[in-house]
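Next come the chains, spelled out residue by residue.
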Amino acid sequence: MANEELRLVTAAQRGDVESFNALVRLYEGRVYNLCYRLLGDADSAADATQDAFLSAYRHLHAFRGGSFRSWLLRIATNVCYDALRARQRRPVVSLDASGETVGDEPTSLQIADTSETPDEFALRRELARAIETGLAQLPVDQRLVVVLCDLQGLTYEEIAEVTGANLGTIKSRLSRGRARLRDLLREEELLPLRFRHDGEE
Amino acid sequence: MTTQPQLNDHDLELLSAYIDGRLSADERRTVERRLDEEADLRLTYEEVRATVQALRDLEPLRPPRSFTLDPAKVAVQRPPAARLGWGRLLQVAGVFAGVLIAAIGVLSVLGSMGANAPSMAVQPTAPAAEPMLAAVPTEPPTSMAEARESDPLTGTPIPQRDDSMAAPSALGNGAEPGAPQAFGTIIASPEVAALPQVAPKPTIAPPAISSPGTVDLAQPTPVAEPSTSAGAPDLTLLLIVVVVALAGGAWLWRRSRG
C-alpha cells in the first residue's frame, strides 16, 4: 500500500492528474471528515476539501517524502484555519450549530433516519449530536487534536506532523479537549457510566 | 445528585495518556494503583473513557461528492516539477542567450569607447603617426572600419557612410578633446596636403576618426584589430539565431505537452 501510494505520488509529481485523482479517492473521505469536524457544516467542509486537494496538487513538488496522509491533512487543516479566520472577519450563521431550541430539542436541518427507531439508536444519535455540539464549542486547537486522535485515529507523532506542535502540547490539548467534552456529556446526562454510578450511589 | 470530581490538569493528562496507552511502565503502574485507591480519579477515568469511546463511535460522514480534479482544468496548473522539462530548459537557455547578446553589445560599445583613449595618447607623438598615414593608401583595407578611415585619403567612393555615421555619432562627438586634435594632425601632415581632392567634405571625417579605425592608424600592429571587429557581428548573428531557435523549440514543446 505504501509503495503504491509512493508510486502515485511520484507520478502525480510528474503531472499525471489521474494518479493524483487516485490519491484523492483514497483520502477524500478522511479530508472531508476533518474539514467537517473543524468547520461544522457540510458546504464549508466540501469547499475546504476541494481547496485542500487543489492546493496539494499545486504544491505537490514541495512534498519531500514521509507520510503523505499527514502532509495532506496538514494542508486541509491550514485551509480550514483560513476559512475560520475568514468566518471570524465575516460571521455567518450555521443552521446546524445555531443553538436555537424548540422546547428541549435543538433545531437542525438534518432529518433523522425514521427507518430505524430502537431506543439504542435514538440514544446513540443523541450522543452523536452532543459530541458534535461539544466539538464545535471547543477551542479550535483542542478540537483539531481531538478530531485527529479520536476520529481520525492518528498517533501523537502523526498529530505532531499535522499540527506542527510538540508532543507535550498535543497531550495537553487532547486531555483538555476530552475533559471539556466529558463535562458537556455529563451535563446532558449522556454518559452511560455516569448513570451506572448514579445507580450505584 | 452526585458529586462531580474535578481533577487537576496533570491528572487529566495522565488519564488521557493512560487511555491511549502512552504512559511508561512506571507511570502506568502508578496510575493503576491510584485508580484502585481514589474513587474520584476512577470516576473521572471512566467518564473520559466513555467520552473517548463516544468520539470513536461517531460515524464518519460520506463526502457529498467526488473531489477528483478535472485534468482539462488543471492541465494549465501542472505542478512545477512537471514543468521542469525540455521546454523549461529551452526557455532558460533562450534567456541566457539573450543576456549574452546584450553583454556582447555592451562590451562592443565599451570597446569602441576604450579605443579612443589610445588615440588621445598617441596624439602628442604625431610625427610617429605620419609614416603610418603614408602607408595607408598602399595597404588594402581589411575591414569596413579601416575602409571608412582610408576613404578620405584614397578618394574612393564611400558606399555605407550613412550607417557608419549612426553608431559613432553618439560616442565620438566633438565633446571629446582627443578626436578633433587627432583629425587636425592628420590633415596637417604633408602627405595628406598633397592630395587636394581627397577631403572635400571634412564634416564627414570627424566621426570616422573616433571609430575603431583610428586605432589602426595609431597602433603599431593594426592586423589584429580587423579580426576582432569582424568576429563580433558574426557571433551576435549566431546567438540571435540560437535564441530564435530556442524560443521556437520551447513554444513547440509546450504546445505538444498541452
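Provided above is the structure to which this section pertains.
About the criteria used
- Throughout this description, residue numbers start from 1 for each chain and increase along the sequence as written.
- Labels are handed out in written order, letters beginning with A for the chains and numbers beginning with 1 for the ligands.
- pLDDT decides what is reported in this predicted model: residues at 70 or higher carry local features, side-chain atom pairs at 80 or more are listed and counted, and totals for whole chains, interfaces and linings draw on all residues regardless.
- Each side-chain value is derived from all of the structure's non-hydrogen atoms; neither hydrogens nor water enter the calculation.
- Helix and strand definitions here come from DSSP, where helices need a minimum of 4 consecutive H or I residues and strands a minimum of 2 consecutive E residues; each element is numbered from the N-terminal end.
- Contact definition: two residues touch when any of their heavy atoms are within 4.5 Å.
- Note on areas: Shrake-Rupley, 1.4 Å probe, and residue coverage restricted to the protein chains presented here.
- Throughout, exposure labels follow a simple rule: accessible area from a 1.4 Å probe, protein chains only, divided by the maximum for the residue type, with under 20% read as buried, over 50% as exposed, and the rest as partly exposed.
- Only buried residues count toward a nonpolar core. Its members are Ala, Val, Leu, Ile, Met, Phe, Trp, Tyr and Cys residues joined through side-chain atoms within 4.5 Å.
- Once two parts are brought into contact, the accessible area they lose, counted with a 1.4 Å probe and summed over both, makes up the buried area.
- Salt bridge, as used here, is a side-chain nitrogen of Lys or Arg placed within 4 Å of a carboxyl oxygen of Asp or Glu.
- Each residue gets one of three labels, nonpolar for Ala, Val, Leu, Ile, Met, Phe, Trp, Tyr, Cys and Pro, charged for Asp, Glu, Lys and Arg, and polar for the others, Gly among them.
- A fitted line through C-alpha atoms serves as each axis, taken over the contacting stretch for helices, and the angle formed by two N-to-C directions is quoted from 0 to 180°.
- Oblique is the label for any angle not under 35 degrees, not over 145, and not in the 65 to 115 range, which are roughly parallel, roughly antiparallel and roughly perpendicular in turn.
- Each helix crossing is assigned a hand: it is left-handed if the near helix lies turned anticlockwise from the far helix by less than a right angle, otherwise right-handed if that turn is clockwise.

## A word on the overall build of chain B
Looking only at helices and strands, one finds 14 helices and 0 strands in chain B. Seen in sequence order, chain B has helices and strands lined up from the N terminus as α-α-α-α-α-α-α-α-α-α-α-α-α-α. Residue pairs in contact within chain B that sit at least 24 positions apart in sequence constitute 70% of those at least 6 positions apart. A total of about 15,400 Å² of accessible surface is found on chain B, and carbon and sulfur atoms cover 63% of it.

## Some points on the environment of Arg176(A)
Mapped onto the elements, Arg176(A) comes out in helix α8 (residues 167–187). Taking the relative accessible area as the measure of exposure, Arg176(A) reaches 39% and is therefore partly exposed. When the C-alpha atoms of Arg176(A) and Leu138(A) are compared, they prove to be 9.4 Å apart, with 38 residues separating the residues in sequence. If near-sequence neighbours (up to four positions away) are discounted, Arg176(A) is found in contact with Gln142(A) and Asp9(B).

## Details of the nonpolar core
Among soluble globular proteins, nonpolar side chains are generally buried collectively. Phe20(A), Val31(A), Leu34(A), Phe53(A), Phe68(A), Leu135(A) and Leu148(A) are the most contacted members of the largest nonpolar core, which totals 64 residues. Filtering out sequence-adjacent residues up to four positions away, Phe68(A) remains in contact with Glu5(A), Val9(A), Leu23(A), Tyr27(A), Leu60(A) and Phe63(A). Counting residues in hydrophobic clusters, the runner-up holds 15 residues, among them Ala17(B), Ile19(B), Val31(B) and Val48(B).

## Brief notes about the interface of chain A and chain B
Each partner contributes residues to the interface: chain A has 57 residues there, and chain B has 45 residues. When chain A packs against chain B, the two sides together hide about 4,500 Å² of surface, and 59% of this comes from carbon and sulfur. Where chain A touches chain B, the interface holds 7 salt bridges. The shortest N-O distance in the salt bridge between Glu59(B) and Arg124(A) comes to 3.0 Å. Elements supplying a minimum of two residues to the side of chain A that touches chain B: α1 (2–13), α2 (17–39), α3 (42–58), α5 (119–137), α6 (140–151), α7 (156–163), α8 and α9 (192–200) of chain A. Considering each element in turn, the side of chain A that touches chain B owes the most residues, 13 residues, to α8(A). Among the residues making up the side of chain A that touches chain B, the classes are represented as 24 nonpolar, 12 polar and 21 charged.

## Observations regarding the packing of α2(A) against α3(A)
All names here are of chain A. Viewed as axis vectors pointing N to C, α2 and α3 meet at an angle of 140 degrees, and their least axial separation amounts to 8 Å. Judged by the angle between their axes, α2 and α3 are oblique. Two packed elements cross with a definite hand, and for α2 against α3 that hand is right-handed. Along the contact surface, α2 presents Val17, Phe20, Val24, Tyr27, Glu28, Val31, Tyr32, Cys35, Tyr36 and Leu39, while α3 presents Ala42, Ser44, Ala45, Ala46, Ala48, Thr49, Ala52, Phe53, Ala56 and Tyr57. Per-class residue counts for the contact of α2 with α3 are 17 nonpolar, 2 polar and 1 charged.

## Things to note about the packing of helix α1 (residues 9–19) of chain B against helix α2 (residues 25–37) of chain B
Residues and elements named next belong to chain B. One way to put it is that α1 packs onto α2 with a least axis distance of 11 Å and a crossing angle of 110 degrees. By the angle between their directions, the pair α1 and α2 is classed as roughly perpendicular. Counted together, Asp11, Leu14, Leu15 and Tyr18 of α1 and Arg28, Val31, Glu32, Arg34 and Leu35 of α2 form the full contact between these two elements. A class-by-class count of the residues in the contact of α1 with α2 yields 5 nonpolar, no polar and 4 charged.

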